[in-house]
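# An overview of the molecular structure
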Amino acid sequence: MKVVLQNLTKKFPSRNKKEKTDVVAVSDFTFEIPDGKLIGLLGPSGCGKSTTLNLLSGLLKPTSGRIFFGDDDVTDLPAEHRGVGLVFQNYALYPHLTVLQNILFPLQNLKGDKKLSKPVMLEKAKEAARLVQIDGLLDRKPNELSGGQQQRVAIARALVKMPRILLLDEPLSNLDARLRLQTREEIRRIQHQTGITTVFVTHDQDEAMSISDLIVVMKEGVVQQIGKPQEVYDDPKNLFVAKFLGTPPINVLEGRVKGEKLYLGDQAVLSAPGLADQAVTVGIRPEGFLPQADGPLTCALSRVEVMGRDVSVVCTHPASQNPVIRAIISAETNVPTNTGSVSFRLKPEKVLVFSGESGERLPVTLA
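Residues numbered from 1 in each chain as written. Predicted model: local features only at pLDDT ≥ 70, side-chain atom pairs only at ≥ 80, totals over all residues. Heavy atoms only, no water.

## Concerning the overall build of the chain
Selection criterion: Helix and strand assignments follow DSSP, with helices taken as H or I runs no shorter than four residues and strands as E runs no shorter than two, numbered in order from the N terminus. Exposed residues in this analysis have more than 50% of their type's maximum accessible area, buried residues have under 20%, and partly exposed residues fall in between, with area computed by a 1.4 Å probe over protein chains only. Whether two residues are in contact is decided by their heavy atoms, any of which lying within 4.5 Å being enough. Areas reported here follow the Shrake-Rupley algorithm with a probe of radius 1.4 Å; residue values treat only the protein chains shown as occluding. We count Lys and Arg on the positive side and Asp and Glu on the negative side, and we leave His and both chain ends out. Think of each charge as sitting on NZ of Lys, CZ of Arg, CG of Asp or CD of Glu.
Across its full length, the chain holds eight helices and 20 strands. A total of 367 residues make up the chain; the buried ones form 49% of that total. Within the chain, residue pairs in contact and separated by at least 24 positions form 65% of the contacts whose partners lie at least 6 positions apart. Counting only carbon and sulfur atoms, one obtains 49% of the accessible surface of the chain, whose full area is about 18000 Å². Taken together, the 45 basic and 41 acidic charged side chains of the chain have centroids lying 6 Å from each other.

Next comes the structure, spelled out in structure tokens:
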């Protein structure tokens, strides 16, 4: 099911009696979600991603703009008639019902010509349980399940009606790290298997990048960038997007362009052909450093952290906006630790240049 958002805006009245300006939670959001794709809505708390999800589900009405499911305008359609499956952060299972009864619940509330016979409902519930691999737990109560198992029950309950759209509101935030990894892989498998158009809300960029076909990065209700996860990581439109994506985060330094050379402090680190002299902000991805004895960028060495396959070289530089710079390099690379400093050559494709004033990405091919 294709989903189209047209100039979607949601405003809430200000609670400040002195300040009557409305709070804009979502601003002029226009986007077409392709049929059968998994879309990650990504951003910090308060960016408008959950509000967007609630607008899609019908739990909130937009201040302006339209929402289409396929060719159907559902903007004014009540939530119960939209054919949406919604999975919440806190699972929202009925504690007094068994797993099977929780999954059956949406089917038992169908009315009119949509009402199903008991055998059909039972088969659909068992099929949904098999899909999320909890068919051996149907007689248990929610308090007898792990967090991951409870989340699977919530997903099965959302899928049992085979919704037109599946909406997931930070479904993994209550799980521990290992279980989060396992469950997000399961969500991707289920989405592939069912082909249901899915919108996944998260503030965790690792989650969004690992399972999404497309990610939508939001800030203060405004869409910053939409694209495939790797494309957005490699080619962010502004400093906010660059800083939000990546683990460890991008290293941000104050720089300047002079004579078509990019300087960090008093060190010319790369050529910047065609770029006018100006103050800039420079982002260097952690994987963009190559230790080299005569490299153009010299930093004060703090320590080397062993990470198994890689090592993290932790250092400082006067131009850095971060307390430390982290360079991720191969564990096979020898980094002298007795000199007090370390020099790097930079990978041009991993160095991003932004306007020092606006934070917008500057069009330059470094060399």
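Once the structure has been displayed, the description carries forward.
## Examining the sheet that holds strand β13 (residues 267-271)
Short version of the rule: Here, a strand pair is defined by DSSP locating no fewer than two bridges between the strands. To get an axis, a line is fitted to the C-alpha atoms, and for a helix only the part in contact is used. The angle between two axes follows their N-to-C directions and goes from 0 to 180 degrees.
Read across the sheet, five strands follow the order β13-β12-β11-β14-β20 without closing on themselves; strand pairing throughout is antiparallel. On the outer flanks of this sheet lie β13 and β20 (351-355), each paired with one strand and no other. For this sheet the average axis-to-axis angle between neighbouring strands, irrespective of direction, equals 40 degrees. Pairing analysis gives four bridges linking strand β11 (residues 251-258) to strand β12 (residues 261-264), with the strands arranged antiparallel. Bridge assignment links Gly 255 to a residue of β12, and that residue is Leu 264.

## Here's the deal with the packing of aromatic side chains
Here is the rule: When the centres of two rings from Phe, Tyr and Trp lie within 6.5 Å, Trp using its six-membered ring, the rings pair. Their planes under 30 degrees apart give stacked, over 60 give edge-to-face, and anything left gives tilted. The criterion is that NZ of a Lys, or CZ of an Arg, lies within 6 Å of the ring centre and within 35 degrees of the ring normal, and then a charge sits over that ring.
If you walk through the whole model with that rule in mind, you get four aromatic pairs. A ring pair is formed by Phe 29 and Phe 31, whose centres lie 6.3 Å apart and whose planes are at 15 degrees; its orientation type is stacked. Taken individually, Phe 29 and Phe 31 each receive the classification buried, so the pair is uniform in this respect. Directly above the ring of Phe 12 sits Lys 10, whose terminal nitrogen or CZ lies 5.2 Å from the centroid. In this arrangement the basic side chain of Arg 256 is found over the ring face of Tyr 263, its NZ or CZ atom lying 4.8 Å from the centre.

## Things to note about the packing of helix α4 (residues 147-159) against helix α5 (residues 177-194)
Definition in use: Any angle between 65 and 115 degrees counts as roughly perpendicular, while under 35 counts as roughly parallel, over 145 as roughly antiparallel, and the rest as oblique. Take the far helix as your reference; a near helix turned counterclockwise from it by less than a right angle gives a left-handed crossing, and one turned clockwise gives a right-handed crossing.
At their nearest, the axes of α4 and α5 sit 10 Å apart, and the two run at 20 degrees to each other. By the angle between their directions, the pair α4 and α5 is classed as roughly parallel. Viewed along their axes, α4 and α5 form a crossing whose handedness is right-handed. Only Leu 179, Gln 182, Thr 183, Glu 186, Ile 187 and Ile 190 of α5 make contact with α4, whose side of the interface consists of Gly 147, Gly 148, Gln 151, Arg 152, Ile 155 and Leu 159.

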